[in-house]
Structures are given as structure tokens and as C-alpha cells.
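This is what each chain is made of:
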Amino acid sequence: MTTAEAAVVDADGTYDTHATVWFAGSLADCKAYAKRSRSVVVVCGCSRPVGSKITQHTMRTLTQGGLWKIMR
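Every chain is numbered on its own, with residues counted from 1 as its sequence reads. At least 70 in pLDDT is required for a residue's local features to be given in this predicted model, at least 80 for side-chain atom pairs to be given and counted, and no such filter applies to totals for whole chains, interfaces and linings, which use all residues. Values reported for side chains reflect all heavy atoms of the structure, with hydrogen atoms and water molecules removed beforehand.

Moving on, we come to the nonpolar core. Working definition of a nonpolar core: buried Ala, Val, Leu, Ile, Met, Phe, Trp, Tyr and Cys residues. They are joined through side-chain atoms within 4.5 Å. Only protein chains enter the accessibility calculation, which uses a 1.4 Å probe; a residue is then buried when its area is under 20% of its type maximum, exposed when over 50%, and partly exposed in between. Core analysis: the largest hydrophobic core is formed by 12 residues, namely A7, V9, A11, A19, V21, V41, V43, C46, I54, M59, L62 and W68. Secondary structure elements follow DSSP: runs of H or I of four or more residues count as helices, runs of E of two or more count as strands, with numbering from the N terminus. The set of elements that each furnish at least two residues to this core consists of β1 (6-10), β2 (18-25), β3 (40-44) and α2 (56-64). Filtering out sequence-adjacent residues up to four positions away, A11 remains in contact with S39, V40 and V41. By size, the runner-up hydrophobic cluster in this structure holds 6 residues, among which are A6, V8, C30 and V42. Any two residues having at least one pair of non-hydrogen atoms within 4.5 Å are treated as being in contact.

Moving on, we get to the side chain of D10. If you trace the backbone, D10 turns up in strand β1. We count Lys and Arg on the positive side and Asp and Glu on the negative side, and we leave His and both chain ends out. One speaks of a salt bridge when a side-chain nitrogen belonging to Lys or Arg is within 4 Å of a carboxyl oxygen belonging to Asp or Glu. The charged side chain of D10 is buried without a salt bridge, its nearest counter-charge being K53 at 6.6 Å. Polar contacts involving the side chain of D10 include one to the main-chain amide nitrogen of T20, which spans 2.6 Å. Polar contact is the term for a pair of N or O atoms within 3.5 Å; when the atoms are in protein, one must be able to donate a hydrogen and the other to accept it, and sequence-neighboring residues count only if both atoms are side-chain atoms. Reaching out from D10, the side chain makes a polar contact with the side chain of W22 at a distance of 3.5 Å.

Here you go:
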């Protein structure tokens, strides 16, 4: 199994208590998936499995540290 380059998470969760991972894969695949919905964002560098939850604290820490990048 290969590690995902990015993940698609619900946009509301990135600013609230937690975000849910809806899709994980290559950056190109995540961008294509995200085009179908306005309520999601692509998180580059995130290799969490589909269905997992990401807390706001984890999201903030990893994006501020430069390990993840949120793409709108």
C-alpha cells in the first residue's frame, strides 16, 4: 500500500472541533475529488486513512509547522 500525498477533508471541520477525511490519494486525484464539492478542502501532506478524524489542534499544529498545507 502506498502512502497518500494528500487528503480531502470537510472544510467546516478544519475550523471547528474535528475534520473527517473523505478521500485520500495523489494530489491530482484529491483536487479532482474536491471539485465536486464546495464544502471540502485538500490537505497536502496528510496521509490519514479515509474515515479518520483530525482534531482542530492537530490540523493547526501541522499546518503552522509546515508539514501540511491546506488548499482551497
